[in-house]
Amino acid sequence: MARRIFALTLALALALCCAASAEVVENPNFVFDDLPLTEEPIEASVVIARHYNSGEPEDVWFWKFAEEFMGIRFQVELTDDAALYKQLSFAAGTMPDLYLDMNLSSTEIMTYGASEGQLLAVDEYITPEYMPNLYALLEEHPEWRSLITAADGHIYTFPRLAYEPDWSFAEGRYYLNSRWLEEMGLEMPETLDTLIEALYAFKALDENNVPVGGADQAYNFEGYLLNALGYLARGQFSVGLRDGEVVFPFGDRERFGEFVTLMNQFYEDGILSPDYYTLDSTTVSSLIAEDRTLLIAQAPYVFVPNTYKEWACVTPLTSEWNDTKQWLPSSNYILLGALAISSNCAEEKLPALLKFVDWFYTEETYAFGGMGPLTSQKDYQMGMVSGWYMTEDRYTHYPDVDAGTSGFASEYDYQMGLIKGWFDGWGLQSMGGSQLLAGYENIGKQYNLEDGDDFYRYSVMQSLVPYVVEGFPDIVFFTPEQSEEIIDLKTTLENYAKEQVAAFVTGSRPLEELEDYFDELDGMGYQDYLQYYVDYYANHTAE
């Protein structure tokens, strides 16, 4: 990706952020003339991955709106373990009608769609009759159709589409407490060595401090270290690049041992919590709120809504193993696997559900689904929400949030807890969709630094986006046979590696046995697993 693009984007963000506040303007009061979506109301089941700020279905405005105005009554189930839910529901054949925000991977799509027929092939329904909005978008952008089409020529999930990326979603959300850095007389770390210096200096202030405010299963910070070692990967177990070579960090004999050794040092010296592998998000959040941490791996307002400006977004680190500052963008802005219809869905429900899915493939309706009704749309509020409005500076405002009476730390938390209840949806995403919905010209995203969510996104734009480079492709399809083999290898290798890496870090297995660990992985098929991705990348780069 050209650095020039990011420079222009950043300059625009800086200019927009400085816009002066404006008077409140009158919002349009309109109704959607294509509702309800079905003459006869239907019921449909949907499972959604729970996030830290997900609201309970009975409290979420959207599900009531769908029932009252769309004609669809959803039976909503939240799951705390999306991976396990997928595994068990497909194995038992107990799939709901819809999988939403369940991160269906390309290998799962090939296995449960192409091989097992448990996900509905929907390409035959993407027509002017059934899905005119999505059909028109894919006709306009055939490259989008190519990206979302599986290796067997069918489409099994409905994507999130966008005309351009949301740069503020650069991979990872890592922040250091700038107040503590200043008190210690330290600058924002630019190298791995200076990060280590800062963490140990913070520990020296108080032995009860836990410099890393994260854990294995809660706000994991490890991507920051992996990046410093030269990995362009989304975690230990994600395929990525290292010095231009395709690797899975957990099986990379050349450099992963350095990561494990450093993590062991951090564990032994109290830089990590002694409960690093068992801490939950609630406990981590408490540590951060108590001001006992220096490094966190989530947007600061999530933990400290009143002091989030004390936290500064990190910049990529260099090290003796990596002399280049580089960072991954967010996962592809053409998001695969966001929404799927299972083969358990009754045929008579299908027309209404297809209309439901298609309704969100406009900029305005996508914004409406995620943000809820305007303050002027009283009927759509149904007494559950008070709506939002927009000022001429293009800042959105939820009166309850602004007044501090909503019970939520930010507009984003308000949306997740009360408006929509899902994280990564489907449809046509637009940074200016809310502007169109409010009756304005779309002039792009405006950053309101008095809002915690906007503050974090703006800081990402400043500190990480200038270093974004291309990594391994986010959307990868293998044949059904290959996908089946990959899933088997992935399960075996990851389960073993997670256990052994934890043993090395906590000291229950000596670091002297790292070479044995890599030999063990090779004996379990790691090289075969890796080769699938090496071959794919070679073909991809040759195109």
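Residues take numbers from 1 onward in each chain, read along the sequence in its written order. It should be noted that, the model being predicted, local features are given only for residues of pLDDT at least 70 and side-chain atom pairs only at 80 or more, the latter also being counted only at that level, while totals for whole chains, interfaces and linings use all residues. The basis for every side-chain value is the complete set of heavy atoms in the structure, and neither hydrogens nor water enter the calculation.

> Explain the packing of helix 10 (residues 256-268) against helix 19 (residues 480-506) to me, using residue names and the numbers behind them.
In this analysis, axes come from line fits to C-alpha atoms, helices being fitted only over the stretch in contact, and the angle between any two N-to-C directions falls in the range 0 to 180 degrees. Helix numbering and strand numbering both begin at the N terminus, where a helix is a DSSP run of H or I of at least 4 residues and a strand a DSSP run of E of at least 2. Viewed as axis vectors pointing N to C, helix 10 and helix 19 meet at an angle of 50°, and their least axial separation amounts to 7 Å. Here helix 10 lies oblique to helix 19, going by the angle between them. Side by side, helix 10 and helix 19 meet where Phe256, Val260, Met263, Asn264, Tyr267 and Glu268 of the first sit next to Val501, Phe504, Val505 and Thr506 of the second. Looking at the contact of helix 10 with helix 19 residue by residue, the class counts come to 7 nonpolar, 2 polar and 1 charged. The labels follow the angle: roughly parallel below 35 degrees, roughly antiparallel above 145, roughly perpendicular from 65 to 115, and oblique for the rest. A contact between two residues is defined here by any heavy atoms of the two lying within 4.5 Å. Note on residue classes: Ala, Val, Leu, Ile, Met, Phe, Trp, Tyr, Cys and Pro are nonpolar, Asp, Glu, Lys and Arg are charged, and everything else, Gly too, is polar.

> Break down the nonpolar core for me, citing the residues and quoting the values.
Here, nonpolar core refers to any group of buried Ala, Val, Leu, Ile, Met, Phe, Trp, Tyr and Cys residues whose side-chain atoms link them within 4.5 Å. To sort residues, take the accessible area from a 1.4 Å probe on protein chains only and compare it with the maximum for the residue type: under 20% means buried, over 50% means exposed, and anything in between is partly exposed. Phe221, Phe250 and Phe256 are the most contacted members of the largest nonpolar core, which has 91 residues in total. Of the residues forming this core, the biggest block, 7 residues, is contributed by helix 19. When residues no more than four places from it in sequence are discounted, the contact partners of Phe221 are Tyr174, Val212, Met263, Phe266, Leu272, Tyr276, Leu295 and Ala297. By size, the runner-up hydrophobic cluster in this structure holds 84 residues, among which are Leu138, Met371, Tyr414 and Leu418.

> How would you explain helix 18 (residues 452-463) if you had to name every residue and give the values?
For a helix, the expected span equals 1.5 Å multiplied by the number of residues minus one. Along its 12 residues, helix 18 runs 17 Å from first to last C-alpha, staying within 8% of the 16 Å computed at 1.5 Å per residue. Burial of helix 18 is extensive: 11 of the 12 residues sit out of reach of the surface. Among the residues of helix 18, those classed as buried are Gly452, Asp453, Asp454, Phe455, Tyr456, Arg457, Tyr458, Ser459, Val460, Met461 and Ser463. Within 3.5 Å is the distance limit for a polar contact, defined as a pair of N or O atoms, with the added protein rule that one can donate a hydrogen and the other accept it, and that residues adjacent in sequence qualify only through two side-chain atoms. Capping the start of helix 18 is the job of one residue whose side-chain oxygen sits 3.2 Å from the backbone nitrogen of Asp453: Asp451.

> Account for the packing of aromatic side chains, with residues named and values stated.
In summary, the pairing rule links any two rings of Phe, Tyr or Trp, Trp by its six-membered ring, whose centres are within 6.5 Å, and it sorts them by plane angle into stacked for under 30 degrees, edge-to-face for over 60 and tilted for everything else. Across all of its chains, the model carries 56 aromatic pairs by this definition. For the ring pair Trp61 and Phe62, a centre distance of 6.2 Å and an interplane angle of 65° mean the geometry is edge-to-face. An identical accessibility class is assigned to Trp61 and Phe62; each is buried. In this scheme, Lys NZ or Arg CZ marks a charge over a ring once it lies within 6 Å of the ring centre and within 35 degrees of the ring normal. Above the plane of the ring of Tyr467 lies Lys325, whose end atom (NZ or CZ) is 5.7 Å from the centre. Above the plane of the ring of Tyr447 lies Lys445, whose end atom (NZ or CZ) is 5.6 Å from the centre.

> Could you give an account of the pattern of salt bridges, naming the residues involved and the relevant values?
Salt bridge criterion: a side-chain nitrogen from Lys or Arg within 4 Å of a carboxyl oxygen from Asp or Glu. Tallying each qualifying case throughout the model produces 28 salt bridges. Between Lys325 and Glu190 there is a salt bridge; the shortest N-O distance is 2.6 Å. You can see Lys325 sitting in the loop between strand 11 (311-313) and strand 12 (335-341) and its partner Glu190 sitting in the loop between helix 7 (178-183) and helix 8 (192-205), a full 135 residues away along the chain. Under the relative-accessibility criterion, Glu190 is labelled partly exposed at 40%. Glu520 is paired through a salt bridge with Arg509; the nearest N and O atoms lie 2.9 Å apart. On the criterion of sequence distance, the pair formed by Glu520 in helix 20 (residues 514-523) and Arg509 in the loop between helix 19 and helix 20 is long-range, its members being 11 residues apart.

> How would you explain the sheet that holds strand 12 if you had to name every residue and give the values?
Two strands in a sheet stick together by hydrogen bonds in their backbones, pointing the same way (parallel) or opposite ways (antiparallel). The 6 strands lie next to each other as 2-1-3-12-4-15, forming an open sheet whose pairing is mixed. Looking along the sheet, the strands with just one partner apiece sit at the ends: strand 2 (72-79) and strand 15 (427-429). Averaged over all pairs of adjacent strands, the angle between their axes in this sheet comes to 30°, without regard to strand direction. Here, a strand pair is defined by DSSP locating no fewer than two bridges between the strands.

> How would you explain the pairing of strand 4 (residues 158-162) if you had to name every residue and give the values?
Taking burial as the measure, the 5 residues of strand 4 include 5 buried ones, the bulk of the element. A two-sided burial pattern is seen for strand 4, the buried positions comprising Phe158, Arg160 and Ala162 on one face and Pro159 and Leu161 on the other. Bridge count between strand 4 and strand 12: 2 bridges; the pairing is antiparallel. Bridge pairing in strand 12 links Phe158 to Leu339. With 3 bridges joining them, strand 4 and strand 15 adopt parallel strand pairing. Within the sheet, the bridge partner assigned to Ala162 lies in strand 15 and is Gln429.

> Which residues make up the confidence of the model for the protein, and what values go with them?
For residues with low pLDDT, the predicted coordinates do not support detailed interpretation. Along the chain, pLDDT gives the predictor's confidence residue by residue, from 0 to 100. Taken residue by residue, the protein gives an average pLDDT of 90. The fraction at 70 or more is 93%. Counting contacts from residues 1-27, a segment whose pLDDT is below 50, to residues more than four positions away or on other chains yields 50 contacts.

> Lay out the environment of Ser430 in plain terms, naming residues and giving numbers.
Relative to the assigned elements, Ser430 resides in the loop between strand 15 and helix 17 (433-437). Taking the C-alpha atoms as reference points, Ser430 and His397, separated by 33 residues in sequence, lie 18 Å from one another. Once residues lying within four places of it in the same chain are set aside, the contact partners of Ser430 are Glu363 and Asn442. Separated by 2.7 Å, the side chains of Ser430 and Glu363 make a polar contact.

> Residues and numbers for unusual backbone geometry, please.
What you tend to see is this: most non-glycine residues have negative phi, and most peptide bonds are trans. Pro36 follows Leu35 through a cis peptide bond whose omega is 0°. Along the chain, Pro36 falls in the loop between helix 1 (3-17) and strand 1 (42-49). Look at Tyr219: it is not a glycine, yet its phi comes out positive at around 60°. Within the element layout of this structure, Tyr219 appears in the loop between strand 6 (212-213) and helix 9 (222-228).

> Break down the sheet that holds strand 10 (residues 295-296) for me, with residues and values.
Reading across the sheet, the 4 strands line up as 6-10-5-11 and stay open at both edges, with mixed pairing between neighbours. The sheet is open, and its two edges are formed by strand 6 and strand 11, each paired on a single side. By the bridge criterion, 2 bridges tie strand 5 (residues 175-177) to strand 10 in an arrangement that is antiparallel. Bridging across to strand 10, Leu176 finds its partner in Leu295. Helix-sheet contacts for helix 18 involve strand 5 and strand 11, and the interaxial angle to strand 11 is about 45°.

> I'd like a description of the pairing of strand 1, backed by residues and values.
Most of strand 1 is tucked away: 7 of the 8 residues are buried. Where strand 1 and strand 2 come together, 8 bridges link them in parallel fashion. In the sheet register, Ile48 faces strand 2, and the bridge partner there is Leu78. By definition, the crossover connecting two strands over a helix is right-handed if that path, from the first strand to the second, turns clockwise as seen with the strands pointing away from the viewer. The β-α-β motif built from strand 1, the intervening helix 2 (residues 61-70) and the parallel element strand 2 has right-handed crossover chirality. The pairing of strand 1 with strand 3 (residues 98-100) spans 3 bridges and is classified as parallel. Paired with Val46 across the strands is Leu98, a residue of strand 3.

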